[in-house]
Each structure stands twice: as C-alpha cells, then as structure tokens.
Amino acid sequence: MTELPAHLLVVDDDERIRGLLQKFLIRNGFLVSVARDAAQARRLLAGLEFDMLVLDVMMPGEDGISLTRALRASLSVPILLLTAKGETANRIEGFEAGADDYLIKPFEPKELLLRINAILRRVPSVKPDSPAPKVLHMGPVRYDMDRGELWRGQDLIRLTSTEAALMRIFSAQPGTALSREKLVGDMPREDSAGQERAVDVQITRLRRKIEDDPKVPRYLQTVRGEGYMLQTD
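This structure is a prediction, so every number in the text was calculated from the model and none was measured.

Enquirer: Would you mind showing me how to read the packing of helix 1 (residues 15-27) against helix 5 (residues 109-122) here?
Expert: The geometry of a pair of packed helices is captured by two quantities: the angle between their axes and the separation between those axes. The interhelical angle for the contact between helix 1 and helix 5, taken along N-to-C directions, is 60°, at an axis separation of 11 Å. Relative to helix 5, the element helix 1 lies oblique. The crossing of helix 1 and helix 5 is right-handed. Residues Leu-21, Phe-24 and Leu-25 of helix 1 pack against Pro-109, Lys-110, Leu-112, Leu-113 and Ile-116 of helix 5. Residues of the contact of helix 1 with helix 5, tallied by class, amount to seven nonpolar, no polar and one charged.

Dropping the structure here:
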C-alpha cells in the first residue's frame, strides 16, 4: 500500500511567502494547505487532519506563539515556527509555547525542508484506530471527505461523477487557488475530455448546489488570473 504524503498547514499573513512555500513543499512531495491568519487556520484544523503545522510568528491578530500555546491544549501535531526574531528569549518563548522547532527568517528553503523531514521522522507513524471524520463546512452545506458526500442539513445532495471529482480535488487543498489546467489534469481521464472550458460549466453547476447565491459565490470562488478556490467556514 502506497504511503500517503504528509499533509502540512502553512500559516503566514504574507501572500507571497505563502505561495512560495506552498509551491516549494508541493514540489518536494507534500500535500500543502495554507491559511492567511490564525482564524483561518483554526477553521481548517476543525475539519482536516494535518501531519505538521508551519506557523509564522509575527501575524496580525493572534500571533504564532499564542496560536501554538492554544493548540497545544488539545493537539499534539508538530509545529515549526518561522520568525524574523532570532534572539534567544524569542526562541525560548516559542519552545515554551509548545513548538517543536524554530527557524529564523530569512532562511534557505532547503533548510526548511530538512527541518520538516527531521521533525516528521520523530513523530510516531501509528494513526488512531478511529480518526475523527474529515468534514468541511460551507454554511448549511457540509462535505464528508471520507465518503465523498455533500449534504445540506439532513439532505444528501446528488453529485455527478465530474462534480464529485472536483469536490475531491478542492477539498484536498481548501483555501488554495487551483488553475483550470490543474483541475483538468487531476480529474479522471473520462472526465477531462471536455478540456478547460468544460471546467467553468461544472463549477457553475457545483455552485448551484453549494452557494446560497451562485451569482455571488462565497465558498467556491473565482481567483482572478489563478483559477478557482474552495473557501470553507
């Protein structure tokens, strides 16, 4: 059985850094979700399981140290902190909050990769017998990732095979813009024959099943110049 790639959550308020780290880590074999702040990170953590968190310390609102301290009350997931503050007192504060490692900006991407791999090697690979269900919430609609089912309250929403394939792709990387090319490439061959323009049609149909107002989408968003993105609560 093929081992699944580690799922990382990168939290940084700098959009450029988020994008660069996500692309670099994906190229090196990881599944990567991103969040712009602690609030968005909490929403993702409520519905998904991660193998490791990479948190920027200096974020507006709840900073990385405070988020680490709060998460440690209920989660044992490894946490790597990124910060421009390199003083000993700052590093100690991070470790006391519960961080597993501390990397000072600016850093070489290769060093980040080595530190992530070193931390993951120290984590027991045994998973709980009954993991929590992986569910993404979008207002009154929820998506069960394990079952591939979309629900509105107690009602199961019927999905076509193409819509189901799109939901699987989006749910693996919530909060990440995915290009039409990627969506076409990741769908099963029989579903990708329509090429990129067909994706727009499928997105429109999927919005009718998810959004309260499909013309003003809140959850299945268009990202100008990038593609489409699933934004969860």
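Now that the structure has been shown, the text picks up again.
Enquirer: Sorry, what's going on with the side chain of Asp-101 here?
Expert: Summarising the element assignment, Asp-101 is placed in strand 5 (residues 101-104). The exposure class assigned to Asp-101 is buried, which follows from its relative accessible area of 15%. Side chain to side chain, Asp-101 and Arg-115 meet in a polar contact 2.9 Å long.

Enquirer: Just checking my understanding: could you explain the side chain of Arg-207 for this structure?
Expert: By the element assignment, Arg-207 lies in helix 8 (residues 195-210). For Arg-207, which is buried and forms no salt bridge, the nearest opposite charge comes from Glu-211, at a distance of 5.2 Å. Engagement of the side chain of Arg-207 in a polar contact is seen with the backbone oxygen of Leu-220, the distance being 2.7 Å. Ignoring sequence-local partners within four residues, the contact set of Arg-207 consists of Pro-214, Pro-217, Leu-220, Gln-221, Thr-222 and Tyr-228.

Enquirer: Honestly, the sheet that holds strand 7 (residues 141-144) in this entry has me stumped. Any pointers?
Expert: Judged by pairing direction, the sheet is antiparallel, and its four strands sit side by side in the order 6-7-8-9 without closing on themselves. Each end of this open sheet is capped by a strand with a single partner; those strands are strand 6 (135-138) and strand 9 (155-157). With strand direction ignored, the average angle separating the axes of adjacent strands in the sheet is 30°. Pairing of strand 8 (residues 149-152) with strand 9, which is carried by three bridges, proceeds in the antiparallel orientation. When the sheet's bridge partners are listed, Arg-152 is paired in strand 9 with Asp-155. Sheet strands touched by helix 6 (residues 161-172): strand 6, strand 7 and strand 8. Its angle to strand 7, the strand with the most contacts, is close to 85°.

About the criteria used
Residues numbered from 1 in each chain as written. Predicted model: local features only at pLDDT ≥ 70, side-chain atom pairs only at ≥ 80, totals over all residues. Heavy atoms only, no water. Axes fitted to C-alpha atoms, helices over the stretch in contact; angles between N-to-C directions. Helix = DSSP H or I, 4+ residues; strand = E, 2+ residues; numbered from the N terminus. Parallel < 35°, antiparallel > 145°, perpendicular 65-115°, else oblique. Left-handed = near helix turned anticlockwise from the far one by under 90°. Contact = heavy atoms within 4.5 Å. Nonpolar A, V, L, I, M, F, W, Y, C, P; charged D, E, K, R; others polar. Buried < 20%, exposed > 50% of the residue type's maximum accessible area, 1.4 Å probe, protein only. Polar contact = N/O pair within 3.5 Å; in protein donor to acceptor, adjacent residues only side chain to side chain. Lys, Arg positive; Asp, Glu negative; His and termini not counted. Salt bridge = Lys/Arg side-chain N within 4 Å of Asp/Glu carboxyl O. Pairing = 2+ DSSP bridges.

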